[in-house]
Amino acid sequence: MADGNKVVKVGSPERPLRVAIIGSGPSGFYAAEALLNAKDLAVQVDMFDRLPTPYGLVRGGVAPDHQKIKNVTMVYEKIAARPAFRFFGNVMLGRDIQVDDLRRHYDHIVYAVGNESDRRLKVPGEDLKGSHSATAFVGWYNGHPDWRKEDFDLSQESAAVIGIGNVAIDVTRILAEDVEVLAKTDMARHAVEALRGSRVKTVWLLGRRGPVQAAFSPAELKELCELHSSDLVVREDELKLDEVSRAALEKDPEAKKNYDLLVQQAKKGEGSRPRKICLRFCVSPTELIEGNGRVAKMKLEINQLVADGKGGLKAQGTGQTEVIDAGLVFRSVGYHGVPIPGVPFDAKAGHIPNKDGRVLDDKAAVVAGAYVVGWAKRGPSGLIGTNRADSVLTVKAMLEDVAKLSAPVEESKTPEAALATVKARQPDFVTFQDWKLLETLELSRGKQSGKIREKFTTVAEMLEAIKKARQEACLVK
Ligand SMILES: Cc1cc2nc3c(=O)[nH]c(=O)nc-3n(C[C@H](O)[C@H](O)[C@H](O)COP(=O)(O)OP(=O)(O)OC[C@H]3O[C@@H](n4cnc5c(N)ncnc54)[C@H](O)[C@@H]3O)c2cc1C
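My aim in this report is to walk through the structure given alongside it, one point at a time. (Residues numbered from 1 in each chain as written. Predicted model: local features only at pLDDT ≥ 70, side-chain atom pairs only at ≥ 80, totals over all residues.)

## Some remarks on the site of the ligand
Around the ligand, the structure places 35 residues, and the nearest of them are Gly-23, Gly-25, Gly-56, Gly-114 and Gly-374. Of all the elements in the fold, those that place two or more residues in the shell around the ligand are helix H1 (26-36), helix H7 (166-176) and helix H13 (375-378). Ranked by residues supplied to the shell around the ligand, first place goes to H1 with 3 residues. Summarising the domain contributions, the shell around the ligand has at least three residues from each of domain 1 (7-116 + 336-430) and domain 2 (120-333). (Near = placed C-beta within 6 Å. Helix = DSSP H or I, 4+ residues; strand = E, 2+ residues; numbered from the N terminus. Domains from an automatic or database assignment.)

## Regarding the sheet that holds strand E4 (residues 85-88)
Read across the sheet, 7 strands follow the order E4-E3-E2-E5-E19-E18-E17 without closing on themselves; strand pairing throughout is mixed. A single partner strand is all that each edge strand has here, and the edge strands are E4 and strand E17 (354-355). As paired strands, strand E2 (residues 17-22) and strand E5 (residues 108-111) are joined by 4 bridges and run parallel to one another. Paired with Ile-21 across the bridge in E5 is Val-110. Contacts from H1 reach E2, strand E3 (43-48), E4 and E5 within the one sheet, and its direction differs from that of E3 by about 170°. (Pairing = 2+ DSSP bridges. Contact = placed C-beta atoms within 7 Å. Axes fitted to C-alpha atoms, helices over the stretch in contact; angles between N-to-C directions.)

## Let's talk about the packing of helix H6 (residues 134-141) against H7
Contact geometry for H6 and H7: axes closest at 10 Å, N-to-C directions at 55°. Relative to H7, the element H6 is oriented oblique. Here the hand of the crossing between H6 and H7 comes out left-handed. Here Ala-134, Phe-137, Val-138 and Tyr-141 of H6 lie close against H7, whose contacting residues are Val-167, Ala-168, Asp-170, Val-171 and Ile-174. (Parallel < 35°, antiparallel > 145°, perpendicular 65-115°, else oblique. Left-handed = near helix turned anticlockwise from the far one by under 90°.)

Coordinates in, geometry out; function isn't part of it.
Structure (structure tokens):
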């Protein structure tokens, strides 16, 4: 029986530190790992995700033909198996539970909610039919329930991808790759079927600045050069460098690798494969042009590179324009966070304001017991591994704060009390054991159809499958 009066050190065996982590992507799992590994700390970690499935963008973002990268989930599984860890899937903060509920049951809240929305181009015609965000396309081909109902008209012969970061390269590769290569992966069935009927012959890949400023990595660029059924076409005249770019190239080995690959590729000319990826530098879309009730063409302005006043270069329009065919358009110009009720949000920056992972309110004061990790903390930059060191830093701040924390042993701050609230608010919550049942089904469905995995792609389907699997395994929640 809890003693309401006695004040004890939080993080002691008598009164473990209770942490709610919101979001089960890489940053959430790395925060859990750092907490569970902390010396001399008794801790209980509950992780929540709005989806019944864990792993965030590792499941819903990383491209299906990059399976090796997804093996990182084996590390997350080990974290989830720790006795002080619980998973509550299908529980959304702001919908099923509120920040006040979390405050009642936990000492610390860690927001690991990523950047789930995207930035807009802000050009005329952006909302025409056929103009989409890369987020929607990526979510659709990866079987994310939010994007299950999206419809992409792949009967168009020309598509344009705006942006030249790694996500833009993923989108381009999926449009240009031989679909039978993708059919063996964990790509959602609806996407494989739609891509089988694709008539896309040209994919424009459009960068605002020059080859040295491109954000793609050499590995991603190399893959584009080596596709089965597409040629990457690079214009030699767009590889000419100004002095600042040339100097930057010498200091940046990644940019140098990119540049050397591009020079080699430009020499190959148009190639003879049925599809073309036309990579263009120093162009910005200024208008999406309508034809037959949908996007049909895109107006581009040619840019020049000028000093940005910080030692780098920025794109500046020259007034010179050209028009390309583009019956499908995907914008990939950055991600943006989604505000959650009761959680501070910097609408301009698109993420949760913080100092070293401690959440700040609108007056820049620290919000006690609130922390942030991953893309929600620093914006949409960094690979999966980047989130590990970043989460460790936030946990360092949490441990400094907990060292000063004493509290009574309260009945509300127990695993049982938190579970009762979750049960009351979202009876269809999903445990990690449930997820493993679902995963076994996905793997066996995949095996039957010669794929790595056949994902469930709606929440209703997932919950139904879990319910049946539980009954068969005679499990109670
Ligand atoms: C298309 C794409 C491809 C990528 N490919 C690679 C790659 O090949 N290799 C690589 O190293 N990196 C890749 N990355 C980067 C990598 O995915 C990110 O660094 C990483 O996923 C960020 O982790 P996170 O935990 O901050 O966010 P996320 O992975 O986005 O996780 C956020 C989680 O929070 C949950 N959530 C959101 N709101 C709520 C709420 N209100 N309540 C409960 N849960 C909520 C979401 O469902 C999600 O599970 C890619 C990114 C993208 C966008």
